[in-house]
Amino acid sequence: MQVYRCAKVVKGGRRFSFAALVVVGDSNGKVGIGYGKANEVPMSVEKAVKDAKKTLHRIPLVESTIPHKVVGKYRATQVVLAPASAGTGVIAGSSARAVLEYAGVRDALTKVYGSTSAKNVVKATLNGLLKLRNREMVEALRGVAITQGQP
């Protein structure tokens, strides 16, 4: 998703190191994020992908969208995720869009408040997705059957 370059000034000049932020998913309800650091870009990306595959999470989806509106938070960032009707597409910035698309969400609305740093937005979006509950999960938690139209 993004590669960061860090420079350390030493006697002979500058020494660079790289960090990579990566999102992996199957576009069918599974998504993970990873972060890796190394002295070369390919090595950092490889480490990040390995880290992301270790942290795959299952996300409940309703057809092509999310079940309900939710707010994901991470440090100074808040991401509001809202379901959208079919055909709307993912209305989001690049960081939130990557997480949603790799999770398999094809229709959703988002808004980022606070810090728009890619690392924070990605983690806040994942936090919001992990808060989602579908009808079956809520019924199991409450021990009752939810019927349509009931207050």
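In short, a report on the structure. (Residues numbered from 1 in each chain as written. Predicted model: local features only at pLDDT ≥ 70, side-chain atom pairs only at ≥ 80, totals over all residues. Heavy atoms only, no water.)

Re the pairing of strand S1 (residues 2-10)
One ladder, built from nine bridges, connects S1 with strand S2 (residues 13-25); its direction is antiparallel. If you follow Val3 over to S2, its bridge partner there is Ala20. Once S1 ends, the chain turns through two residues before running back antiparallel as S2. (Pairing = 2+ DSSP bridges. Helix = DSSP H or I, 4+ residues; strand = E, 2+ residues; numbered from the N terminus.)

As for the packing of helix H2 (residues 94-103) against helix H3 (residues 118-130)
For the pair H2 and H3, the least separation of the axes is 8 Å and the interaxial angle reads 40 degrees. With respect to H3, the axis of H2 lies oblique. With respect to the hand of their crossing, H2 and H3 are arranged in right-handed fashion. From H2, Ser95, Ala96, Val99, Leu100 and Ala103 reach across to H3, where they touch Ala118, Val121, Val122, Thr125, Leu126 and Leu129. Considering only residue class, the contact of H2 with H3 consists of nine nonpolar, two polar and no charged. (Axes fitted to C-alpha atoms, helices over the stretch in contact; angles between N-to-C directions. Parallel < 35°, antiparallel > 145°, perpendicular 65-115°, else oblique. Left-handed = near helix turned anticlockwise from the far one by under 90°. Contact = heavy atoms within 4.5 Å. Nonpolar A, V, L, I, M, F, W, Y, C, P; charged D, E, K, R; others polar.)

Some thoughts on the sheet that holds strand S8 (residues 108-114)
Read from one edge to the other, the open sheet built from four strands follows the order S5-S6-S8-S7, with strand pairing classed as mixed. Bordering the open sheet on either side are strand S5 (70-74) and strand S7 (90-91), each of which pairs with just one other strand. With five bridges joining them, S5 and strand S6 (residues 77-83) adopt antiparallel strand pairing. Across the sheet, residue Tyr74 finds its bridge partner in S6, namely Thr77. Each of S5, S6 and S8 touches H3; the most contacted strand, S5, lies at about 135 degrees to it.

Things to note about the packing of aromatic side chains
Here the structure, examined in full by the defined rule, presents one aromatic pair. Between Tyr4 and Tyr35, the aromatic rings sit 6.4 Å apart at their centres with planes inclined by 55 degrees, giving tilted as the arrangement. One end of the pair, Tyr4, is in strand S1; the other, Tyr35, is in strand S3 (residues 30-38), with 31 residues separating them in the sequence. Given the relative accessible area of 22%, Tyr4 is considered partly exposed. (Phe/Tyr/Trp six-rings, centres within 6.5 Å; stacked < 30°, edge-to-face > 60°. Buried < 20%, exposed > 50% of the residue type's maximum accessible area, 1.4 Å probe, protein only.)

Some details on unusual backbone geometry
With a phi angle near 55 degrees, Glu63 is a residue other than glycine that sits in the positive phi range. The topology assignment puts Glu63 in the loop between strand S4 (57-58) and S5. Non-glycine residue Arg75 carries a positive phi angle of around 50 degrees. Mapped onto the elements, Arg75 comes out in the loop between S5 and S6. Note on Arg75: relative accessible area 74%, which makes it exposed.

Functional significance is not addressed by these values, which are geometric in nature.
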